Amino acid sequence: MINPFFRTPGRRFITLAVLAAVVAFGWYAVQPVYPRCTIYSGVGSGAIMSAGISAEEMEAIARQAYEDALADGACGPSHARFRDWIG
């Protein structure tokens, strides 16, 4: 009789843990990243932060600044994180 691979609970646990780690790593690798831009990075500093606006409004301002910089050609488009790893 052939001994199945998943017969012992230890092998089952290790296999499921490795599978979960691979899935989590894959999810992390495909998340979008945004390039740093001089125009975009200046939005979160100083006067706008101290004006007492909500986090949602700050995020909307930052998103609009990034879109404007992208349209002007000052920034590149977002890309998957693994693109930075492979060059």
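Source: prediction; values computed, not measured. (Residues numbered from 1 in each chain as written. Predicted model: local features only at pLDDT ≥ 70, side-chain atom pairs only at ≥ 80, totals over all residues. Heavy atoms only, no water.)

1. Some thoughts on the overall build of the chain
The test is simple: A run of H or I in DSSP counts as a helix once it spans at least four residues, and a run of E counts as a strand once it spans at least two, with each numbered from the N terminus. In this scheme, a residue with accessible area under 20% of its type's maximum is buried, one over 50% is exposed, and one in between is partly exposed, where area comes from a 1.4 Å probe on protein chains only. Accessible surface is estimated by sampling points in the Shrake-Rupley manner with a 1.4 Å probe; for residues, cover comes only from the protein chains shown.
When helices and strands are counted, the chain shows 5 helices and 2 strands. Reading the helices (α) and strands (β) of the chain from amino to carboxyl end gives α-β-α-α-α-β-α. Of all 87 residues assigned to the chain, the portion counted as buried reaches 14%. Within the structure as shown, the chain displays about 6,900 Å² of accessible surface, and the carbon and sulfur contribution to it stands at 65%.

2. What to know about the confidence of the model for the chain
Where we set the bar: pLDDT is defined as a per-residue confidence score from the predictor, taking values between 0 and 100.
In this model, the chain carries a mean pLDDT of 78, and residues with pLDDT of at least 70 account for 77%. Across the chain, the element-wise mean pLDDT spans from 51 in helix α2 (residues 38–41) up to 92 in helix α1 (residues 9–29).

3. Some thoughts on the packing of aromatic side chains
Selection rule: Aromatic pairs are defined between Phe, Tyr and Trp rings, using the six-membered ring for Trp, whenever the two ring centres lie within 6.5 Å; interplanar angles under 30 degrees are classed as stacked, those over 60 as edge-to-face, and all others as tilted. Should the NZ of a Lys or the CZ of an Arg lie within 6 Å of a ring centre and within 35 degrees of the ring normal, that charge is described as sitting over the ring.
On inspection of all chains with the given rule, the structure shows 2 aromatic pairs. Among the aromatic side chains, those forming a connected cluster through ring pairs are Phe25, Tyr28 and Trp85. Taking NZ or CZ as reference, Arg81 lies 4.1 Å from the ring centre of Tyr28, over its face.

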